[in-house]
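Understanding the architecture of this molecule
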Amino acid sequence: IAGDLVYFTDFDSLYALDLKTGEERWHFAHKDLASVFAPVIINDQILMTSKNIAFTLNRDTGQVIWTKALESEDLIPSAAAGERVYVKSTTALYALDRATGEVDWSYQVMDFISLPALTDEQLYVITRVGGKSQLRALNLADGQEIWQVENMRLSNAAPVVAGGQVYVRTVDGSVLSYN
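In this report, we go over the structure that sits alongside the text. Computed from a predicted model, the values in this text were never measured in an experiment.

**Things to note about the sheet that holds strand S17 (residues 160-162)**
Read across the sheet, three strands follow the order S17-S18-S19 without closing on themselves; strand pairing throughout is antiparallel. If you trace the sheet from one side to the other, it starts and ends with S17 and strand S19 (175-178), each paired once. On average, each strand axis in the sheet is tilted by 30 degrees relative to the strand beside it, whichever way the strands run. Taken together, the four bridges between strand S18 (residues 165-169) and S19 define a ladder with antiparallel strand orientation. Among the inter-strand pairings, Tyr167 is bridged to a residue of S19, identified as Ser177.

Next up, the structure:
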């Protein structure tokens, strides 16, 4: 939900409905939208994905602003902050310029990368590399790894950042907190 519109997807369209009346304001038909994941909204844009394509739409009109084909398949919209939007595949995370869709940086792993959690300066992800699990902190500006903590109990769920702490779930349902 953003402003006076609510957005949702089915298998091939993104819909914008009036929040008060439920009337359709617009819909964007596109084959193979990443319908399992919600679109990401930042300011006047909506970030969506389809197979290996990331694209943004104007939030009020549904008109395409830009599209960007990437090397990875099965992209999902992941996050947005400042002048960047983020999309991910199973093994890659891409930081795209919000205005143009150009790749600012990418981060690749061998087995798995979670949805990110963002702060003003860092981005946190859970990864699986070489049969092990890691919590990684990346520099938001360039995607360079700042630190990592290895813990075999980490689940594939996205980390959560609150109150200066990074919270992660374990495979047995516990929650761990990191400074």
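There's plenty left to go through after this.
**Focus: the pattern of salt bridges**
Overall, the coordinates contain eight salt bridges when judged by the stated rule. Asp44 serves as the salt-bridge partner of Arg98, at 3.9 Å between the closest nitrogen and oxygen. You can see Arg98 sitting in the loop between strand S10 (92-97) and strand S11 (103-108) and its partner Asp44 sitting in the loop between strand S4 (40-42) and strand S5 (45-50), a full 54 residues away along the chain. Accessibility expressed as a relative area gives 41% for Asp44, which makes it partly exposed. Between Arg153 and Asp172 there is a salt bridge, with its nearest N and O atoms 3.5 Å apart. Highlighted residues: Arg153 in the loop between strand S16 (145-150) and S17 and Asp172 in the loop between S18 and S19, separated in sequence by 19 residues.

**Re the pairing of strand S14 (residues 122-129)**
Taking burial as the measure, the eight residues of S14 include six buried ones, the bulk of the element. Sheet analysis places strand S13 (residues 117-118) next to S14, joined by two bridges and oriented antiparallel. Pairing of Leu118 across the sheet is with Leu123, part of S14. Between the antiparallel neighbours S13 and S14 lie three residues. Relative to strand S15 (residues 132-139), S14 runs antiparallel, the two being bridged by eight bridges. Residue Ile126 lies in a different strand from S15, and its bridge partner there is Leu135. The antiparallel hairpin formed by S14 and S15 contains two residues in its connecting segment, where Gly130 sits at a positive phi of about 60 degrees.

Cut-offs and rules
Residues numbered from 1 in each chain as written. Predicted model: local features only at pLDDT ≥ 70, side-chain atom pairs only at ≥ 80, totals over all residues. Heavy atoms only, no water. Pairing = 2+ DSSP bridges. Helix = DSSP H or I, 4+ residues; strand = E, 2+ residues; numbered from the N terminus. Axes fitted to C-alpha atoms, helices over the stretch in contact; angles between N-to-C directions. Salt bridge = Lys/Arg side-chain N within 4 Å of Asp/Glu carboxyl O. Buried < 20%, exposed > 50% of the residue type's maximum accessible area, 1.4 Å probe, protein only.

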